[in-house]
Amino acid sequence: MSDIQEKLPEFKSGFVAIVGAPNVGKSTLLNQVLGEKISITSKKPQTTRNRILGVVHRPASQLIFLDTPGVHRAKRPLNIRIVETALSALGNVDIVLVMIDVANPDPESEGFIVKKLQEIKRPVVLVLNKIDLIKKPALLTIMDNWTQFHPFEAIIPISAILGDQIEELIKAIEALLPKGPAFFPEETITDLPERFIAAEMIREKVFRLTGQEIPYSTAVTIDSFSEKKKGSLVKIDATIHVERSSQKGMVIGKNGSMLKMIGTEARKEIERMVGTKVFLKLFVRVHKNWSKDTKALRKLGY
Ligand SMILES: Nc1nc2c(ncn2[C@@H]2O[C@H](COP(=O)(O)OP(=O)(O)OP(=O)(O)O)[C@@H](O)[C@H]2O)c(=O)[nH]1
Ligand SMILES: [Mg+2]
(Lines give C-alpha, C1' and ligand atoms only; values in the text may rest on other atoms or scores of the structure.)
(Ligands and ions follow the chains in the order given, each with its own letter.)
Protein backbone atom coordinates (compact mmCIF):
# COMPACT_ATOMS: atom_id res chain seq x y z
CA MET A 1 0.00 0.00 0.00
CA SER A 2 1.40 3.40 -0.90
CA ASP A 3 2.01 6.19 1.64
CA ILE A 4 -0.93 8.14 0.44
CA GLN A 5 -3.35 5.28 1.08
CA GLU A 6 -2.03 4.70 4.60
CA LYS A 7 -2.74 8.33 5.36
CA LEU A 8 -6.18 8.04 3.80
CA PRO A 9 -8.23 5.23 5.30
CA GLU A 10 -11.11 6.64 3.27
CA PHE A 11 -9.43 5.80 -0.05
CA LYS A 12 -11.95 4.74 -2.68
CA SER A 13 -11.57 2.66 -5.80
CA GLY A 14 -13.63 0.82 -8.33
CA PHE A 15 -14.53 -0.08 -11.87
CA VAL A 16 -16.63 2.24 -14.01
CA ALA A 17 -18.06 1.03 -17.34
CA ILE A 18 -18.84 3.53 -20.08
CA VAL A 19 -21.69 2.18 -22.23
CA GLY A 20 -23.88 3.65 -24.90
CA ALA A 21 -24.93 3.51 -28.53
CA PRO A 22 -22.17 3.67 -31.17
CA ASN A 23 -20.53 7.03 -31.80
CA VAL A 24 -21.80 8.86 -28.69
CA GLY A 25 -18.26 9.73 -27.53
CA LYS A 26 -17.33 6.98 -25.05
CA SER A 27 -13.74 6.62 -26.22
CA THR A 28 -13.33 10.40 -26.43
CA LEU A 29 -14.37 10.58 -22.77
CA LEU A 30 -11.89 7.88 -21.75
CA ASN A 31 -9.02 9.73 -23.45
CA GLN A 32 -10.17 13.00 -21.90
CA VAL A 33 -10.23 11.70 -18.30
CA LEU A 34 -6.83 10.06 -18.80
CA GLY A 35 -5.31 13.08 -20.50
CA GLU A 36 -3.78 10.65 -22.94
CA LYS A 37 -4.98 8.83 -26.03
CA ILE A 38 -5.27 5.09 -25.57
CA SER A 39 -8.66 4.47 -27.17
CA ILE A 40 -9.24 5.11 -30.87
CA THR A 41 -12.05 7.38 -32.04
CA SER A 42 -13.69 8.31 -35.33
CA LYS A 43 -16.75 9.90 -36.86
CA LYS A 44 -17.93 6.47 -37.96
CA PRO A 45 -19.96 4.26 -35.60
CA GLN A 46 -18.60 0.95 -34.23
CA THR A 47 -15.02 2.11 -33.97
CA THR A 48 -14.24 0.41 -30.64
CA ARG A 49 -14.32 -3.40 -30.68
CA ASN A 50 -12.65 -4.38 -27.41
CA ARG A 51 -12.86 -3.46 -23.76
CA ILE A 52 -10.38 -0.63 -23.22
CA LEU A 53 -9.23 -0.10 -19.63
CA GLY A 54 -7.92 3.24 -18.38
CA VAL A 55 -6.91 4.18 -14.84
CA VAL A 56 -7.44 7.64 -13.37
CA HIS A 57 -5.34 8.32 -10.27
CA ARG A 58 -6.75 10.90 -7.86
CA PRO A 59 -5.41 11.90 -4.43
CA ALA A 60 -8.14 10.00 -2.59
CA SER A 61 -9.40 7.57 -5.20
CA GLN A 62 -8.61 5.37 -8.14
CA LEU A 63 -11.16 5.18 -10.95
CA ILE A 64 -10.78 2.31 -13.38
CA PHE A 65 -12.73 3.10 -16.52
CA LEU A 66 -13.79 0.51 -19.07
CA ASP A 67 -14.53 1.95 -22.48
CA THR A 68 -16.75 -0.48 -24.40
CA PRO A 69 -17.99 -1.00 -27.97
CA GLY A 70 -21.21 0.76 -28.91
CA VAL A 71 -24.34 -1.26 -28.21
CA HIS A 72 -26.46 -1.74 -31.33
CA ARG A 73 -28.67 -4.26 -33.05
CA ALA A 74 -26.08 -6.67 -34.42
CA LYS A 75 -26.31 -9.19 -37.24
CA ARG A 76 -22.78 -9.99 -38.39
CA PRO A 77 -20.77 -12.34 -36.15
CA LEU A 78 -18.21 -9.56 -35.58
CA ASN A 79 -20.92 -7.17 -34.41
CA ILE A 80 -22.62 -9.75 -32.23
CA ARG A 81 -19.24 -10.38 -30.64
CA ILE A 82 -18.48 -6.72 -29.95
CA VAL A 83 -21.92 -6.06 -28.45
CA GLU A 84 -21.38 -9.09 -26.17
CA THR A 85 -18.05 -7.54 -25.15
CA ALA A 86 -19.81 -4.31 -24.21
CA LEU A 87 -22.59 -5.95 -22.23
CA SER A 88 -20.30 -8.37 -20.42
CA ALA A 89 -18.39 -5.41 -18.97
CA LEU A 90 -21.54 -4.35 -17.11
CA GLY A 91 -21.69 -7.37 -14.84
CA ASN A 92 -18.35 -6.76 -13.16
CA VAL A 93 -18.29 -3.07 -12.40
CA ASP A 94 -19.16 -0.85 -9.46
CA ILE A 95 -20.71 1.96 -11.47
CA VAL A 96 -22.17 2.22 -14.96
CA LEU A 97 -22.02 5.40 -16.99
CA VAL A 98 -24.66 5.42 -19.68
CA MET A 99 -23.68 7.91 -22.33
CA ILE A 100 -26.01 9.44 -24.86
CA ASP A 101 -25.33 11.91 -27.64
CA VAL A 102 -27.76 14.78 -27.02
CA ALA A 103 -27.48 15.92 -30.62
CA ASN A 104 -28.20 12.49 -32.09
CA PRO A 105 -30.73 10.37 -30.23
CA ASP A 106 -30.70 6.63 -30.96
CA PRO A 107 -33.96 5.39 -29.38
CA GLU A 108 -33.48 1.76 -30.39
CA SER A 109 -30.04 1.28 -28.80
CA GLU A 110 -30.92 3.50 -25.85
CA GLY A 111 -34.10 1.52 -25.15
CA PHE A 112 -32.12 -1.70 -25.22
CA ILE A 113 -29.51 -0.31 -22.81
CA VAL A 114 -32.15 0.95 -20.36
CA LYS A 115 -33.69 -2.54 -20.32
CA LYS A 116 -30.28 -4.07 -19.55
CA LEU A 117 -29.78 -1.63 -16.67
CA GLN A 118 -32.85 -2.99 -14.94
CA GLU A 119 -31.27 -6.45 -14.98
CA ILE A 120 -27.82 -5.54 -13.69
CA LYS A 121 -28.79 -3.48 -10.63
CA ARG A 122 -25.72 -1.25 -10.42
CA PRO A 123 -25.61 2.47 -9.67
CA VAL A 124 -26.01 4.29 -12.97
CA VAL A 125 -24.92 7.79 -13.92
CA LEU A 126 -26.42 9.25 -17.07
CA VAL A 127 -23.86 11.20 -19.07
CA LEU A 128 -25.31 13.57 -21.64
CA ASN A 129 -22.50 14.16 -24.10
CA LYS A 130 -21.90 16.69 -26.90
CA ILE A 131 -23.66 19.55 -25.13
CA ASP A 132 -21.52 21.86 -27.26
CA LEU A 133 -23.82 20.96 -30.16
CA ILE A 134 -27.19 22.01 -28.69
CA LYS A 135 -28.84 24.94 -26.92
CA LYS A 136 -29.62 24.93 -23.22
CA PRO A 137 -33.44 24.69 -23.42
CA ALA A 138 -33.12 21.59 -25.62
CA LEU A 139 -30.74 20.07 -23.08
CA LEU A 140 -33.18 20.68 -20.24
CA THR A 141 -35.95 18.91 -22.18
CA ILE A 142 -33.68 15.92 -22.79
CA MET A 143 -32.73 15.76 -19.10
CA ASP A 144 -36.37 15.89 -18.14
CA ASN A 145 -37.29 13.06 -20.50
CA TRP A 146 -34.52 10.80 -19.31
CA THR A 147 -35.33 11.05 -15.59
CA GLN A 148 -38.39 8.87 -16.15
CA PHE A 149 -36.47 5.96 -17.72
CA HIS A 150 -34.34 4.94 -14.76
CA PRO A 151 -33.56 6.07 -11.19
CA PHE A 152 -30.17 7.52 -12.15
CA GLU A 153 -27.77 8.37 -9.31
CA ALA A 154 -26.84 11.53 -11.19
CA ILE A 155 -27.29 13.13 -14.58
CA ILE A 156 -24.22 15.00 -15.82
CA PRO A 157 -24.12 16.98 -19.06
CA ILE A 158 -20.63 17.13 -20.56
CA SER A 159 -18.64 17.84 -23.66
CA ALA A 160 -16.10 15.03 -23.82
CA ILE A 161 -14.24 16.61 -26.70
CA LEU A 162 -13.91 20.03 -25.09
CA GLY A 163 -13.40 18.64 -21.59
CA ASP A 164 -16.37 20.57 -20.21
CA GLN A 165 -17.82 19.35 -16.91
CA ILE A 166 -15.38 16.47 -16.66
CA GLU A 167 -14.42 17.37 -13.09
CA GLU A 168 -18.11 17.35 -12.12
CA LEU A 169 -18.47 13.90 -13.64
CA ILE A 170 -15.41 12.56 -11.81
CA LYS A 171 -16.73 13.96 -8.52
CA ALA A 172 -20.11 12.32 -9.06
CA ILE A 173 -18.35 9.00 -9.69
CA GLU A 174 -16.09 9.41 -6.64
CA ALA A 175 -19.15 9.96 -4.47
CA LEU A 176 -20.54 6.58 -5.58
CA LEU A 177 -17.30 4.56 -5.42
CA PRO A 178 -16.89 1.98 -2.65
CA LYS A 179 -14.01 2.23 -0.18
CA GLY A 180 -11.06 0.17 -1.29
CA PRO A 181 -7.36 0.11 -2.12
CA ALA A 182 -5.75 1.10 -5.39
CA PHE A 183 -5.77 -1.81 -7.85
CA PHE A 184 -3.07 -0.41 -10.13
CA PRO A 185 0.28 1.23 -9.34
CA GLU A 186 0.56 5.00 -9.74
CA GLU A 187 2.35 4.93 -13.13
CA THR A 188 -0.12 2.55 -14.78
CA ILE A 189 -2.79 4.04 -17.02
CA THR A 190 -3.88 0.89 -18.84
CA ASP A 191 -3.54 -2.88 -18.85
CA LEU A 192 -3.25 -2.97 -22.63
CA PRO A 193 0.08 -3.87 -24.21
CA GLU A 194 1.66 -1.28 -26.50
CA ARG A 195 1.38 -3.65 -29.43
CA PHE A 196 -2.40 -3.79 -29.04
CA ILE A 197 -2.66 0.01 -28.95
CA ALA A 198 -0.35 0.25 -31.96
CA ALA A 199 -2.64 -2.08 -33.93
CA GLU A 200 -5.60 0.03 -32.85
CA MET A 201 -3.92 3.23 -34.03
CA ILE A 202 -3.44 1.70 -37.45
CA ARG A 203 -7.09 0.60 -37.46
CA GLU A 204 -8.11 4.14 -36.49
CA LYS A 205 -6.39 5.56 -39.54
CA VAL A 206 -8.22 3.05 -41.74
CA PHE A 207 -11.48 4.16 -40.09
CA ARG A 208 -10.68 7.81 -40.64
CA LEU A 209 -9.13 7.68 -44.10
CA THR A 210 -11.06 5.05 -46.03
CA GLY A 211 -14.69 5.07 -47.06
CA GLN A 212 -17.61 2.76 -47.72
CA GLU A 213 -17.48 -0.63 -46.06
CA ILE A 214 -13.68 -0.77 -45.75
CA PRO A 215 -13.44 0.13 -42.03
CA TYR A 216 -15.96 -2.57 -41.19
CA SER A 217 -14.03 -5.15 -43.16
CA THR A 218 -10.68 -4.31 -41.59
CA ALA A 219 -8.73 -5.86 -38.76
CA VAL A 220 -5.10 -5.18 -37.88
CA THR A 221 -2.55 -7.55 -36.38
CA ILE A 222 1.03 -6.88 -35.31
CA ASP A 223 3.45 -9.40 -36.79
CA SER A 224 6.52 -8.14 -34.97
CA PHE A 225 7.30 -5.34 -32.54
CA SER A 226 10.97 -4.88 -31.68
CA GLU A 227 12.00 -4.18 -28.10
CA LYS A 228 12.59 -0.59 -27.12
CA LYS A 229 16.30 -0.04 -26.56
CA LYS A 230 17.76 3.27 -25.51
CA GLY A 231 18.46 5.54 -28.46
CA SER A 232 17.24 3.07 -31.05
CA LEU A 233 14.05 2.94 -33.03
CA VAL A 234 11.12 0.60 -32.64
CA LYS A 235 10.44 -1.59 -35.67
CA ILE A 236 6.90 -2.72 -36.24
CA ASP A 237 5.50 -5.01 -38.94
CA ALA A 238 1.72 -5.02 -39.11
CA THR A 239 -0.90 -6.58 -41.35
CA ILE A 240 -4.16 -4.94 -42.38
CA HIS A 241 -6.67 -7.71 -43.04
CA VAL A 242 -9.54 -7.04 -45.43
CA GLU A 243 -12.27 -9.33 -46.71
CA ARG A 244 -12.01 -9.04 -50.51
CA SER A 245 -9.34 -8.32 -53.09
CA SER A 246 -11.21 -5.19 -54.27
CA GLN A 247 -10.85 -3.85 -50.72
CA LYS A 248 -7.15 -4.63 -50.75
CA GLY A 249 -6.83 -2.39 -53.81
CA MET A 250 -8.64 0.43 -52.07
CA VAL A 251 -6.55 0.21 -48.91
CA ILE A 252 -3.38 0.31 -50.98
CA GLY A 253 -4.68 3.12 -53.21
CA LYS A 254 -3.29 4.55 -56.42
CA ASN A 255 0.47 3.90 -56.49
CA GLY A 256 0.26 2.95 -52.83
CA SER A 257 -0.89 6.43 -51.82
CA MET A 258 -3.60 5.34 -49.35
CA LEU A 259 -1.42 2.82 -47.59
CA LYS A 260 1.32 5.42 -47.34
CA MET A 261 -1.06 7.90 -45.73
CA ILE A 262 -2.36 5.30 -43.26
CA GLY A 263 1.23 4.36 -42.40
CA THR A 264 2.45 7.93 -41.92
CA GLU A 265 -0.47 8.96 -39.72
CA ALA A 266 -0.33 5.79 -37.64
CA ARG A 267 3.44 6.03 -37.21
CA LYS A 268 3.17 9.56 -35.79
CA GLU A 269 0.68 8.41 -33.15
CA ILE A 270 2.67 5.33 -32.25
CA GLU A 271 5.81 7.46 -31.90
CA ARG A 272 3.96 9.70 -29.46
CA MET A 273 3.01 6.64 -27.42
CA VAL A 274 6.37 4.86 -27.31
CA GLY A 275 8.43 8.05 -27.13
CA THR A 276 10.96 7.03 -29.78
CA LYS A 277 11.19 6.95 -33.55
CA VAL A 278 9.21 4.15 -35.14
CA PHE A 279 9.75 2.28 -38.37
CA LEU A 280 6.35 0.95 -39.42
CA LYS A 281 5.91 -1.53 -42.24
CA LEU A 282 2.37 -2.34 -43.34
CA PHE A 283 1.12 -5.32 -45.30
CA VAL A 284 -2.38 -5.80 -46.69
CA ARG A 285 -3.84 -9.28 -46.80
CA VAL A 286 -7.16 -10.66 -47.96
CA HIS A 287 -8.70 -12.89 -45.32
CA LYS A 288 -11.93 -13.86 -47.01
CA ASN A 289 -15.05 -12.92 -45.01
CA TRP A 290 -13.21 -12.92 -41.69
CA SER A 291 -15.91 -10.81 -40.02
CA LYS A 292 -18.45 -13.57 -40.53
CA ASP A 293 -16.27 -16.41 -39.32
CA THR A 294 -16.13 -17.00 -35.56
CA LYS A 295 -12.81 -18.85 -35.75
CA ALA A 296 -11.21 -16.00 -37.70
CA LEU A 297 -12.64 -13.49 -35.22
CA ARG A 298 -10.86 -15.19 -32.36
CA LYS A 299 -7.62 -15.26 -34.32
CA LEU A 300 -7.89 -11.54 -35.02
CA GLY A 301 -8.50 -10.68 -31.36
CA TYR A 302 -12.30 -10.51 -31.06
N1 LIG B 1 -19.12 17.94 -30.91
C2 LIG B 1 -18.70 16.94 -30.15
N3 LIG B 1 -18.23 15.83 -30.74
C4 LIG B 1 -17.81 14.82 -29.93
C5 LIG B 1 -17.85 14.91 -28.52
N6 LIG B 1 -17.37 13.75 -28.01
C7 LIG B 1 -17.04 12.97 -29.06
N8 LIG B 1 -17.30 13.61 -30.21
C9 LIG B 1 -17.08 13.09 -31.59
O10 LIG B 1 -17.99 12.02 -31.81
C11 LIG B 1 -17.38 11.03 -32.66
C12 LIG B 1 -17.44 9.67 -31.99
O13 LIG B 1 -16.58 9.67 -30.88
P14 LIG B 1 -16.04 8.31 -30.25
O15 LIG B 1 -15.36 8.67 -28.97
O16 LIG B 1 -15.28 7.54 -31.26
O17 LIG B 1 -17.42 7.57 -29.94
P18 LIG B 1 -17.67 6.13 -29.30
O19 LIG B 1 -18.89 6.24 -28.45
O20 LIG B 1 -16.46 5.63 -28.64
O21 LIG B 1 -18.01 5.28 -30.59
P22 LIG B 1 -17.93 3.67 -30.83
O23 LIG B 1 -16.60 3.20 -30.38
O24 LIG B 1 -18.13 3.54 -32.29
O25 LIG B 1 -19.07 3.09 -30.05
C26 LIG B 1 -15.96 11.52 -32.94
O27 LIG B 1 -15.95 12.17 -34.18
C28 LIG B 1 -15.70 12.49 -31.79
O29 LIG B 1 -14.77 13.50 -32.12
C30 LIG B 1 -18.34 16.12 -27.93
O31 LIG B 1 -18.40 16.32 -26.73
N32 LIG B 1 -18.76 17.09 -28.82
MG1 LIG C 1 -15.34 3.98 -29.01
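Since the structure is predicted, the reported quantities are computational estimates derived from the model, not experimental observations.

Undergrad: So what exactly am I meant to see when it comes to helix α2 (residues 26–34) here?
TA: An α-helical segment advances 3.6 residues per turn. Residues three or four places apart therefore align on the same side. In terms of burial, α2 is a largely internal element, seven of the nine residues being buried. Restricting attention to buried positions, one finds in α2 the residues Lys26, Ser27, Thr28, Leu29, Leu30, Gln32 and Val33. Buried residues in α2 make contact with β1 (12–20), β2 (52–58), β3 (61–67), β4 (95–101), β5 (124–129) and α6 (166–176). One or two steps after α2, the chain reaches Gly35, where phi turns positive at roughly 70 degrees.

Undergrad: I keep staring at the site of ligand 1 and nothing clicks. Help me out?
TA: Around ligand 1 there are 24 residues in total, and Gly25, Ser27, Thr41, Thr48 and Gly70 lie nearest to it. If you tally residues by element for the shell around ligand 1, the top one is α2, at three residues. Grouping the amino acids of the shell around ligand 1 by side-chain chemistry returns seven nonpolar, 13 polar and four charged.

Undergrad: Teacher, can you tell me more about the sheet that holds strand β8 (residues 234–242) here?
TA: Strand pairing in a sheet relies on backbone hydrogen bonds, with the paired strands running either antiparallel or parallel. Read from one edge to the other, the open sheet built from three strands follows the order β7-β8-β9, with strand pairing classed as mixed. Each having just a single partner strand, β7 (219–225) and β9 (278–286) make up the two edges of the open sheet. Mean inter-strand twist for the sheet, computed between neighbouring axes without regard to direction, equals 25 degrees. Relative to β9, β8 runs parallel, the two sharing nine bridges. Counted as the bridge partner of Val234 is Val278 from β9. Relative to β7, helix α7 (residues 194–209) is tilted by about 135 degrees, and along the sheet it contacts β7 and β8. Set on the sheet, helix α9 (residues 257–274) makes contact with β8 and β9; between it and β9 the angle comes to about 135 degrees.

Undergrad: Looking at this structure, I do not really get the sheet that holds β5. What am I missing?
TA: Strand order across the open sheet formed by six strands is β2-β3-β1-β4-β5-β6, with mixed pairing between neighbours. In this open sheet, the two strands that pair with only one neighbour each are β2 and β6 (154–157). Going across the sheet, the axis of each strand differs from the next one's by a mean of 25 degrees, ignoring polarity. Taken strand by strand, α2 contacts β1, β2, β3, β4 and β5, and its axis lies near 35 degrees from that of β2. The strands touched by α6 are β1, β3, β4, β5 and β6; relative to β6, the strand with the most contacts, the crossing angle is about 160 degrees.

Undergrad: Help me understand the environment of Ser42 in this model?
TA: Examined against the element boundaries, Ser42 turns out to sit in the loop between α2 and β2. Taking C-alpha positions, Ser42 is 10 Å from Val24, a pair spaced 18 residues apart along the chain.

Undergrad: Where do I start with the nonpolar core in this structure?
TA: Soluble globular proteins: nonpolar side chains tend toward being buried together. In this structure, Val16, Ala17, Leu97, Val98, Val127 and Ile202 are the most contacted members of the largest nonpolar core, which totals 72 residues. The two domains that each donate at least three residues to this core are domain 1 (3–176) and domain 2 (194–299). Excluding residues that lie within four positions of it along the chain, Val127 makes contacts with Leu97, Val98, Met99, Ile156, Ile158 and Leu169.

Undergrad: What is the right way to look at the pairing of β8 in this model?
TA: As a general feature of sheets, a regular strand has side chains that alternate between the two faces. For β7 and β8, the ladder comprises six bridges, and the chain directions are antiparallel. Along β8, the bridge assignment pairs Ile222 with Ala238.

Undergrad: I tried to follow the domain arrangement of the protein on my own but got confused; where do I start?
TA: One frequently used descriptor of interface size is the decrease in accessible area upon assembly of the parts. Entries for the protein in the domain assignment read domain 1 (3–176) and domain 2 (194–299). Using only C-alpha atoms to locate each centre, domain 1 and domain 2 end up separated by 28 Å. With 10 residues of domain 1 at the interface, the matching set in domain 2 holds 14 residues. Here the side of domain 1 that touches domain 2 is built from residues that sort into four nonpolar, three polar and three charged.

Undergrad: Honestly, the pairing of β6 in this entry has me stumped. Any pointers?
TA: Two elements, β5 and β6, share four bridges in a ladder whose sense is parallel. Of the residues in β6, the one forming a bridge with Leu128 is Pro157.

Undergrad: Explanation requested: the packing of α7 against α9 in the structure shown.
TA: What describes two packed helices is the angle between their axes and the distance between those same axes. One can describe the packing of α7 onto α9 by two numbers: an axis separation of 9 Å at closest approach and a directional angle of 140 degrees. One way to sum up the angle between α7 and α9 is to call them oblique. The interaxial crossing formed by α7 with α9 has right-handed handedness. When α7 is examined against α9, the residues Glu194, Ile197, Ala198, Met201, Ile202, Lys205, Val206 and Leu209 are found in contact with a partner set consisting of Met258, Met261, Ile262, Glu265, Ala266, Glu269, Ile270, Met273 and Val274. Along the lines of polarity and charge, the residues of the contact of α7 with α9 split into 13 nonpolar, no polar and four charged.

Undergrad: Help me out: how do you make sense of the environment of Phe149 in this one?
TA: By the secondary structure assignment, Phe149 is in the loop between α5 (136–147) and β6. Taking the number of C-beta atoms within 10 Å as the measure of exposure, Phe149 has 16 and is therefore partly exposed. Distance in space between the C-alpha atoms of Phe149 and Gly111 is 9.0 Å, their sequence separation being 38 residues.

Cut-offs and rules
- In this convention, every chain numbers its residues from 1, walking through the sequence in written order.
- Chain letters start at A and ligand numbers start at 1, both assigned in the order the entries are written.
- Totals for whole chains, interfaces and linings use every residue, but because this is a predicted model, local features are given only for residues with pLDDT of at least 70 and side-chain atom pairs only at 80 or more, for both listing and counting.
- Buried means a residue has 20 or more other C-beta atoms within 10 Å of its own C-beta, exposed means 12 or fewer, and partly exposed covers the counts in between; C-beta atoms are placed from the backbone.
- Segments assigned H or I by DSSP are reported as helices when at least four residues long, segments assigned E as strands when at least two residues long, and all are numbered from the N terminus.
- Whether two residues are in contact depends on their C-beta atoms, placed from the backbone: they are in contact if these lie within 7 Å.
- To decide whether a residue is near a molecule or strand, its C-beta atom is placed from the backbone and checked for lying within 6 Å of it.
- Polar here means any residue outside two lists: the nonpolar Ala, Val, Leu, Ile, Met, Phe, Trp, Tyr, Cys and Pro, and the charged Asp, Glu, Lys and Arg; Gly therefore counts as polar.
- For two strands to pair, DSSP has to find at least two bridges joining them.
- Convention adopted: a line fitted to C-alpha atoms gives each axis, helices being fitted over their contacting stretch, and angles between N-to-C directions are expressed from 0 to 180 degrees.
- By definition, a nonpolar core groups buried Ala, Val, Leu, Ile, Met, Phe, Trp, Tyr and Cys residues that are joined through C-beta atoms within 7 Å.
- Domain limits in this description derive from either an automatic procedure or a database domain assignment.
- Should an angle lie under 35 degrees it is considered roughly parallel, over 145 roughly antiparallel, and from 65 to 115 roughly perpendicular; all remaining angles are considered oblique.
- A clockwise turn of the near helix away from the far one marks a right-handed crossing, whereas an anticlockwise turn of less than a right angle marks a left-handed crossing.

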